Amino acid sequence: MDLSDVVATAMFTGVVLYALFAGADFGSGFWDLTAGGPRRGGRLRVLIDHSIGPVWEANHVWLIYILVFLWTAYPTAFAAIMTTLFIPMSLALLGIVLRGANFAFRKYSATMTQARLFGALFAGASLITPFFFGTVVGAIASGRVPAQGYGDRVSSWVNPTSLLGGTLAVGTSAFLAGVFLTADAARSGDRRLAEYLRPRTLVVGAVTGAVAIAAIAPIRRDAPTLGGELLGRALPLIALSAAAGVLTLVLVFRRGFGWARVSALVAVAAIVIGWAVAQTPWMLVDELLIADAAGARATLLALLAVVAIAAVTVLPALAYLFWLTQSDAWVRDETTAVAETRRRSG
């Protein structure tokens, strides 16, 4: 494997982790948006706040990691993507800012009207970000980003592959969040809330899976290079994703919520990795190869050294943070918060 491929693999590992952890984080916005009024949706919103509160900022470390890698290791590709897709990229980043601000504002709202407004903005922004990131992926994968940059500002990301990419990004995020929230509700002892989420998570998962299968035909027409490889080299990963998705639905149906989280992560990771395998060896499909986009060898080696350092400094801290959110003390705190909301809502 060429050095440029090794660095690309390291960068794409960040893409997979961001899709999983930030995806589940963003997907909570769907459940917040559809939770209903204060009386019916109060308990679910408390669960959302408590579940994502410790990690919603930490997840964005992967986005920084991806952008720095792309900018440093593949500057030509970075310039081409940013000059062509600055509209969806700007909208995605705007969603991150709005989401974070309104998540904080909702907690300290003086009135119920303010809380509803900030909550709606938080939920809406949570869906905006994965959608526009999905359109960026679709633009790159369909060969609409020219190597020299400055591609069409609109048609590059308003096309069948991009719109399907955005839709699937929102759907998989909502599905991940549904599985995790259902498991959190059951773990905290709120069986009523878990049973409320369970059928809805099944519906979201089934619809997302159906859209993913139906998307193959239009993607093959609109992005033949990607579409051909999705049913070629990447087919085993696509099959793994489908099998893991079906297993997740079965586990949720049978109330095996803990294991359902694992299979849901496998389902999403497999489809994201499948996209990478289908796109290889292109950095920009049909326009720029990974090897041609790579920077100086010294730069690539320095980046791999940074990855090694981060692996022993940043990763343990993140792992410890996620472990804490799954600890017994956190469960007791979560149970207390949900019980208090239940008491207030009657």
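Everything here concerns the structure above.
Rules used in this analysis
- Residues numbered from 1 in each chain as written.
- Predicted model: local features only at pLDDT ≥ 70, side-chain atom pairs only at ≥ 80, totals over all residues.
- Heavy atoms only, no water.
- Helix = DSSP H or I, 4+ residues; strand = E, 2+ residues; numbered from the N terminus.
- Rg over C-alpha atoms; globule rule 2.2 N^0.38 Å.
- Buried < 20%, exposed > 50% of the residue type's maximum accessible area, 1.4 Å probe, protein only.
- Contact = heavy atoms within 4.5 Å.
- Areas by Shrake-Rupley, 256 points an atom, 1.4 Å probe, with all protein chains shown as cover.
- Lys, Arg positive; Asp, Glu negative; His and termini not counted.
- Charge placed at Lys NZ, Arg CZ, Asp CG, Glu CD.
- Polar contact = N/O pair within 3.5 Å; in protein donor to acceptor, adjacent residues only side chain to side chain.
- Patch = residues over 30% accessible without salt bridge, like charges linked within 9 Å, V, L, I, M, F, W, Y side chains within 5 Å.
- Salt bridge = Lys/Arg side-chain N within 4 Å of Asp/Glu carboxyl O.
- Core = buried A, V, L, I, M, F, W, Y, C linked by side-chain atoms within 4.5 Å.
- Phe/Tyr/Trp six-rings, centres within 6.5 Å; stacked < 30°, edge-to-face > 60°.
- Lys NZ or Arg CZ within 6 Å of the ring centre and 35° of its normal.

## Notes on the overall build of the protein
Now for step 1: Looking only at helices and strands, the protein features 15 helices and two strands.
Now for step 2: Here the protein has a C-alpha radius of gyration of 20 Å; the compact-globule value for 346 residues is 20 Å, and the two agree.
Now for step 3: Considered along the principal axes of its C-alpha atoms, the protein spans approximately 65 × 40 × 35 Å.
Now for step 4: Sorting the 346 residues of the protein into buried and exposed places 48% on the buried side.
Now for step 5: Counting contacts in the protein only where the partners sit at least 6 residues apart, residues at least 24 apart contribute 80% of the total.
Now for step 6: Split by element, the accessible area of the protein, about 15900 Å² in all, is 70% carbon and sulfur.
Now for step 7: Across the protein, 26 positive and 19 negative side-chain charges occur, with their mean positions spaced 12 Å apart.

## Describing the side chain of Thr161
Now for step 1: If you trace the backbone, Thr161 turns up in helix H7 (residues 160-187).
Now for step 2: Among the residues examined, Thr161 registers a relative accessible area of 4% and is labelled buried.
Now for step 3: A distance of 2.6 Å separates a polar atom in the side chain of Thr161 from a polar atom in the side chain of Asp222.
Now for step 4: When residues no more than four places from it in sequence are discounted, the contact partners of Thr161 are Gly138, Ser142, Ile219, Asp222 and Ala223.

## Focus: a nonpolar patch on the surface
Now for step 1: On the surface, Leu240, Trp259, Val262 and Val266 cluster together to form a nonpolar patch covering roughly 400 Å² of accessible area.
Now for step 2: At three residues, the largest contribution of residues to the nonpolar patch is made by helix H12 (residues 257-279).
Now for step 3: As for its placement among the helices and strands, Leu240 is situated in helix H11 (residues 235-253).

## Section: the nonpolar core
Now for step 1: Formed by 87 residues in total, the largest nonpolar core has its most connected members in Tyr18, Trp31, Leu44, Tyr74 and Leu85.
Now for step 2: When near neighbours in sequence (up to four residues on either side) are disregarded, Tyr18 contacts Gly23, Phe26, Asn59, His60, Trp62, Leu63, Ile66, Ile96 and Phe133.

## A short note on the packing of aromatic side chains
Aromatic ring pairs are defined here through the distance separating the ring centres and the angle between the ring planes.
Now for step 1: Here the structure, examined in full by the defined rule, presents eleven aromatic pairs.
Now for step 2: Considering the side-chain rings of Phe12 and Trp275, the 5.1 Å spacing of their centres and the 55° angle between planes classify their relative orientation as tilted. Of this pair, Phe12 sits in helix H1 (residues 3-33) while Trp275 sits in helix H12, and the two are 263 residues apart along the sequence. This pair shows no difference in class: Phe12 is buried, exactly as Trp275 is.
Now for step 3: With a centroid separation of 6.2 Å and an interplanar angle of 75°, the aromatic rings of Tyr18 and Phe133 are classed as edge-to-face. Taken together, the residues span a long stretch of sequence, with Tyr18 in helix H1 and Phe133 in helix H6 (residues 112-141) at a distance of 115 residues.
Now for step 4: Overall, the relative accessible area of 9% leaves Tyr18 in the buried class.
Now for step 5: Looking at Phe133, the relative accessible area reads 15%, which means it is buried.
Now for step 6: Following the ring pairs from residue to residue traces out a cluster consisting of Tyr18, Phe26 and Phe133.
Now for step 7: When the ring centre of Tyr196 is taken as origin, the NZ or CZ atom of Arg200, which lies over that ring, is 3.9 Å away.

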